[in-house]
Amino acid sequence: MKKKIILASNSPRRKELLAGLDVDFEVKVLPDIDESYPDDLPVEDIAQFIAKEKAAAYVELLKSDELLITADTIVVVDKEILGKPEDEDDARRMLNTISGRTHQVITGVCLMTSEKTKAFAVVTDVTFKQLTDKEIDTYIKKYKPFDKAGAYGIQEWIGYIGVTNLSGSYFNVMGLPVQRIYTEMQDML
């Protein structure tokens, strides 16, 4: 890579996934970036919109030899967005909502250099078996999924026992569609 890569995320999963591409990168995170979006924005455009807004916050700080990566992941069931749960009850509600159903995980990504910007979204369909109350409670108590959209991490126990089908990128469900990012970085650089 000719550019120094900057990952604008504190997510341990995103750091792990980007490291898997075997590229050197640095993490830089600005505080208090607005992640709101217009109420009339179609659900399928929200993650990409937020990723672009995150990138826009770095425009003045971006050096000519840097490539910035921002991302946002949402979970969608019947046009309802399941963000990060506020507490155990909210996590339980979300897991009951996706239980026995298929939902979409949408990750919006923005790649930005001082010369160009490329934004895209990747969608993965995930189907869960019908989860029992005990399985949901065990997962919440042990894994505390309060920093995860939809209240679950596919790479954790609930993914092992619950996911019955996946159509699309597994890594997208973890929070970063690394194959697509790799391809887009190659095109940009």
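For the structure itself, look to the data block above.
To start, this report covers the structure provided alongside it. (Residues numbered from 1 in each chain as written. Predicted model: local features only at pLDDT ≥ 70, side-chain atom pairs only at ≥ 80, totals over all residues. Heavy atoms only, no water.)

## Overview of the packing of helix α3 (residues 88–98) against helix α4 (residues 133–143)
Then comes step 1: One way to put it is that α3 packs onto α4 with a least axis distance of 10 Å and a crossing angle of 135°. By the angle between their directions, the pair α3 and α4 is classed as oblique. Here α3 and α4 pass one another in a crossing that is right-handed. Between α3, through E88, A91, R92, L95 and N96, and α4, the contact on the second element is made entirely by D133, I136, D137, Y139, I140 and K141.
Then comes step 2: A breakdown of the residues in the contact of α3 with α4 according to their chemical character gives five nonpolar, one polar and five charged. (Axes fitted to C-alpha atoms, helices over the stretch in contact; angles between N-to-C directions. Helix = DSSP H or I, 4+ residues; strand = E, 2+ residues; numbered from the N terminus. Parallel < 35°, antiparallel > 145°, perpendicular 65-115°, else oblique. Left-handed = near helix turned anticlockwise from the far one by under 90°. Contact = heavy atoms within 4.5 Å. Nonpolar A, V, L, I, M, F, W, Y, C, P; charged D, E, K, R; others polar.)

## Here we look at the packing of aromatic side chains
Then comes step 1: Applying the stated criterion to the full structure yields three aromatic pairs.
Then comes step 2: Ring plane angle 85° and centroid distance 5.0 Å describe the contact between F128 and Y152, whose orientation is recorded as edge-to-face. A residue pair is termed long-range when its members are at least 10 positions apart, and F128 in strand β6 (residues 117–128) and Y152 in the loop between α4 and α5 (157–162) qualify at 24 residues. Both residues of the pair, F128 and Y152, belong to the buried class.
Then comes step 3: Seen from the ring of F120, R180 lies directly overhead, with NZ or CZ sitting 4.3 Å from the centre. (Phe/Tyr/Trp six-rings, centres within 6.5 Å; stacked < 30°, edge-to-face > 60°. Buried < 20%, exposed > 50% of the residue type's maximum accessible area, 1.4 Å probe, protein only. Lys NZ or Arg CZ within 6 Å of the ring centre and 35° of its normal.)

## Some thoughts on the pattern of salt bridges
Then comes step 1: Evaluated as defined, the whole model comprises 19 salt bridges.
Then comes step 2: A salt bridge links K4 to E26, with the nearest nitrogen and oxygen atoms 2.9 Å apart. You can see K4 sitting in strand β1 (residues 4–7) and its partner E26 sitting in strand β2 (residues 25–27), a full 22 residues away along the chain.
Then comes step 3: Within this structure, E88, D89, R92, D137 and K141 form a network of salt bridges that share partners. (Salt bridge = Lys/Arg side-chain N within 4 Å of Asp/Glu carboxyl O.)

## Brief notes about unusual backbone geometry
Most peptide bonds take the trans form, and the phi angle of most residues other than glycine is negative.
Then comes step 1: One non-glycine residue with positive phi stands out, namely D32, at about 55°.
Then comes step 2: Relative to the helices and strands, D32 is located in the loop between β2 and α2 (43–56).
Then comes step 3: Using a relative accessible area of 79% as the deciding quantity, one classes D32 as exposed.
Then comes step 4: In this structure, D78 takes a positive phi of about 50° despite not being glycine.
Then comes step 5: Within the secondary structure, D78 sits in the loop between β3 (66–77) and β4 (80–82).

## Focus: the side chain of D72
Then comes step 1: By the secondary structure assignment, D72 is in strand β3.
Then comes step 2: Residue classification places D72 among the buried positions, given a relative accessible area of 8%.
Then comes step 3: Of note is the side chain of D72, whose polar atom sits 3.4 Å from the side chain of K54.
Then comes step 4: If we ignore the near neighbours within four places in the chain, the residues touching D72 are R14, E35, A47, I50, A51, K54, I106, T107 and G108. (Polar contact = N/O pair within 3.5 Å; in protein donor to acceptor, adjacent residues only side chain to side chain.)

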